[in-house]
Amino acid sequence: MTTQSEAISADLAAIRANYSLTDEQRQIVDHVARVSREVLHPLQARMDQEDWWPDDLFKQMGELGLLGITAPEALGGSGQNEFTQALVSEVISKWNPAVGLSHGAHDNLCLNNLLRNGSEAQVKKYVPGLCSGDLVGGLGLTEPGAGSDALGSMATTARRDGDDYVINGSKIYITNGPIADVILLYAKTDKSKGAKGISAFIIETDNPGFKVAQKLDKMGFRGSPTGELVFEDCRVPASAMLGVENSGVAVVMSGLDLERAMVASVCVGMAERALELGLEYAKMREQFGKPIASFQMMQSKLAEIYTEVETARAFSYRALAACVGLPKGAGGRGEIHKLTAAACLYAGEAFNKAVTEACHIHGGSGYMQDTEINRLFRANKLLEIGAGTSEVRKIIIAEELLRA
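Only a predicted model underlies this, so the values are computations on that prediction, with no experimental measurement involved. (Residues numbered from 1 in each chain as written. Predicted model: local features only at pLDDT ≥ 70, side-chain atom pairs only at ≥ 80, totals over all residues. Heavy atoms only, no water.)

**Q** Quick rundown of the overall build of the protein chain? Include the residues and the values.
**A** In terms of helices and strands, the protein chain carries twelve helices and ten strands. Against the globule reference of 22 Å for 404 residues, the protein chain gives a C-alpha radius of gyration of 21 Å, in line with a compact fold. Out of the 404 residues in the protein chain, the part that is buried amounts to 57%. Of the roughly 16800 Å² that the protein chain leaves accessible, carbon and sulfur atoms contribute 53%. (Helix = DSSP H or I, 4+ residues; strand = E, 2+ residues; numbered from the N terminus. Rg over C-alpha atoms; globule rule 2.2 N^0.38 Å. Buried < 20%, exposed > 50% of the residue type's maximum accessible area, 1.4 Å probe, protein only. Areas by Shrake-Rupley, 256 points an atom, 1.4 Å probe, with all protein chains shown as cover.)

**Q** Can you explain the pairing of strand β2 (residues 157-161)? Please cite residues and give values.
**A** Alignment of β2 against strand β3 (residues 164-175), held across five bridges, turns out to be antiparallel. By the bridge assignment, Ala 158 is partnered in β3 with Ile 167. Here β2 hands over to β3 after two residues, with Gly 162 in that stretch at a positive phi of 65 degrees. (Pairing = 2+ DSSP bridges.)

**Q** Could you give an account of the packing of helix α5 (residues 82-95) against helix α8 (residues 248-284), naming the residues involved and the relevant values?
**A** Relative placement of two packed helices is described by the angle separating their axes and the distance separating the axes. Orientation of α5 relative to α8, taken along the N-to-C sense of each, is 35 degrees, at an axis distance of 8 Å. In this structure, α5 crosses over α8, and the sense of that crossing is right-handed. For the pair α5 and α8, contact is made by Glu 82, Gln 85, Ala 86, Ser 89, Glu 90, Ser 93, Lys 94 and Trp 95 and by Leu 258, Met 262, Ser 265, Val 266, Val 268, Gly 269, Met 270, Glu 272, Arg 273 and Glu 276, respectively. Classifying every residue of the contact of α5 with α8 gives seven nonpolar, five polar and six charged. (Axes fitted to C-alpha atoms, helices over the stretch in contact; angles between N-to-C directions. Left-handed = near helix turned anticlockwise from the far one by under 90°. Contact = heavy atoms within 4.5 Å. Nonpolar A, V, L, I, M, F, W, Y, C, P; charged D, E, K, R; others polar.)

**Q** Would you mind going over the packing of helix α10 (residues 335-361) against helix α11 (residues 372-379) in detail, with residue names and values included?
**A** It is at 9 Å that the axes of α10 and α11 come closest, and there the two elements cross at 150 degrees. Classed by the angle they form, the pair α10 and α11 counts as roughly antiparallel. Note that α10 runs across α11; the crossing there is left-handed. Between α10 and α11, the contacting residues are Phe 351, Val 355, Thr 356, Ala 358 and Cys 359 on the first element and Ile 373, Leu 376 and Phe 377 on the second. For the contact of α10 with α11, the per-class residue count stands at seven nonpolar, one polar and no charged. (Parallel < 35°, antiparallel > 145°, perpendicular 65-115°, else oblique.)

**Q** Give a detailed account of the UniProt feature "domain: Acyl-CoA oxidase/dehydrogenase middle" (unreviewed entry) in the protein chain, specifying residues and quantitative values.
**A** UniProt tags residues 139-234 as "domain: Acyl-CoA oxidase/dehydrogenase middle" (unreviewed entry). Across residues 139-234 one finds 0% helix and 50% strand; the C-alpha atoms that close the span lie 17 Å apart. (UniProt positions renumbered as here; feature names shortened; annotations may be inferred.)

**Q** With reference to specific residues and values, describe helix α9 (residues 296-323).
**A** Its 28 residues place the ends of α9 41 Å apart at the C-alpha level, agreeing with the 40 Å of an ideal helix rising 1.5 Å per residue. Trailing α9 by a residue or two, Gly 325 shows a phi angle of about 75 degrees, which is positive. (Expected span 1.5 Å × (residues − 1).)

**Q** Explain the domain arrangement of the protein chain to me, using residue names and the numbers behind them.
**A** Each domain of the protein chain was delimited in the assignment, giving domain 1 (4-135), domain 2 (138-245) and domain 3 (248-403). Look at where the C-alpha atoms of domain 1 and domain 2 centre, and you get two points 25 Å apart. Between domain 1 and domain 2, roughly 1900 Å² of surface is buried when both sides are summed, and carbon and sulfur atoms account for 59% of that area. A salt bridge links Lys 125 to Glu 204, with the shortest nitrogen-to-oxygen separation between them at 3.1 Å. Taken together, domain 1 and domain 2 are joined by nine residue pairs in polar contact (both at pLDDT 80 or more). For the side of domain 1 that touches domain 2, the secondary structure elements donating two or more residues are α3 (44-50), α6 (97-117) and α7 (120-132). Ranked by residue count, the leading element in the side of domain 1 that touches domain 2 is α6, at eleven residues. Split into classes, the residues belonging to the side of domain 1 that touches domain 2 amount to 13 nonpolar, seven polar and four charged. (Domains from an automatic or database assignment. Buried area = accessible area lost by both parts, 1.4 Å probe. Salt bridge = Lys/Arg side-chain N within 4 Å of Asp/Glu carboxyl O. Polar contact = N/O pair within 3.5 Å; in protein donor to acceptor, adjacent residues only side chain to side chain.)

**Q** Run through the pattern of salt bridges, naming residues and quoting values.
**A** Counted according to the given criterion, the structure contains 24 salt bridges. Among the salt bridges present, the one from Arg 313 reaches Glu 90, with a minimum N-O distance of 3.1 Å. Pair noted here: Arg 313 is in helix α9 and Glu 90 is in helix α5, with a separation of 223 residues, a long-range link. Of the two residues, Arg 313 and Glu 90, both sit in the buried class. Salt bridges sharing common partners tie together Glu 90, Lys 94, Glu 272, Arg 273, Glu 276, Glu 310, Arg 313 and Glu 372.

**Q** Describe α10, and please don't skip the residues or the numbers.
**A** Taking 1.5 Å of rise per residue, the 27 residues of α10 would be expected to cover 39 Å, and the 38 Å separating its terminal C-alpha atoms lies within 8% of that figure. Phi for Gly 363, located one or two positions after α10, is positive at around 60 degrees.

**Q** Describe the packing of aromatic side chains, naming the residues involved and giving the relevant values.
**A** Summed over all chains, the structure comprises six aromatic pairs. Between the aromatic rings of Trp 53 and Phe 58, the centroid separation amounts to 5.4 Å while the plane-to-plane angle is 35 degrees, which identifies the pairing as tilted. The same class applies to Trp 53 as to Phe 58, namely buried. Sitting above the plane of the Trp 52 ring, Arg 46 keeps its charged end 3.7 Å from the centroid. (Phe/Tyr/Trp six-rings, centres within 6.5 Å; stacked < 30°, edge-to-face > 60°. Lys NZ or Arg CZ within 6 Å of the ring centre and 35° of its normal.)

Below is the structure:
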């Protein structure tokens, strides 16, 4: 028997179908939606309450075909493009935001960056394990003293010593940090060059000199492990470098453009779920002898949420379409840089508005931490901070407009 929630989800899925998705993309979205609803959604409450991550969840996601979306089939992936990857991320985040966050750090920030910028040997060594979930990936960029100025203020260094590099420094707010097997790390290899003296490395977390200093306690996205990572004379072979020395900025910037487009999709998925929950509750909750959905003020809120969701979706999909097939090293300037920042800015603020109104529709129950709408509400702030704050996104947009 179809529940009201499932019926609402089906209606919104039909809306997504209007965006000219291929038959294969629709099949993938349908599969991911079913798996996320049946397998990932039931985990949500315990993950939030206990800040718990199931030990075998990445392997389970690998078995279910949720990992390695952009990786070649020969390496265990699905062979899809970045747009399809974002659709997967959108649906997972809708049904379990914490899993969506960790999935994005693994599949996009680590695996996809490695695919785009790694050598053939690096790709063959790491990608199959990342696709199967036998390896868990993450990305190390942010530092205690380097947030919005992540490149200019970076203090982590990598010093050449014979055939090795010796890494010292720390990274913070690293998604999957406490459980990762592989970290895509950025460090300064030439301090005199500032941001242009940064290089990217693939770090195996069983290396001597690497440690997880602490697992961090977050307000939202609880269950997704976030940590502070420390490197103390962590020695890695020169072959661990991604690309050539001091080329890390190109890797960072091309990755950030795609990350912002992906974050916009995460916002859309979570905003869509906020709409579903608000609509379902408004139909069910009765006051003054009738459902609150019959009151014009509630109808106004629902209409505004729907408008925010669909506008954000259209903007998100446009930015993602621009990112498909982006050449290696591209990004960090121009139309795509501006477009992805704008999509991320709008989607983040749209989700904030949508989940705030949906939480308000729930009244007192929305203020209770054990409700799903409350979990969405607590998660929303990160999406106006991560991948560049709303203010940084505005700066990017304005700089590109003025440069043009």
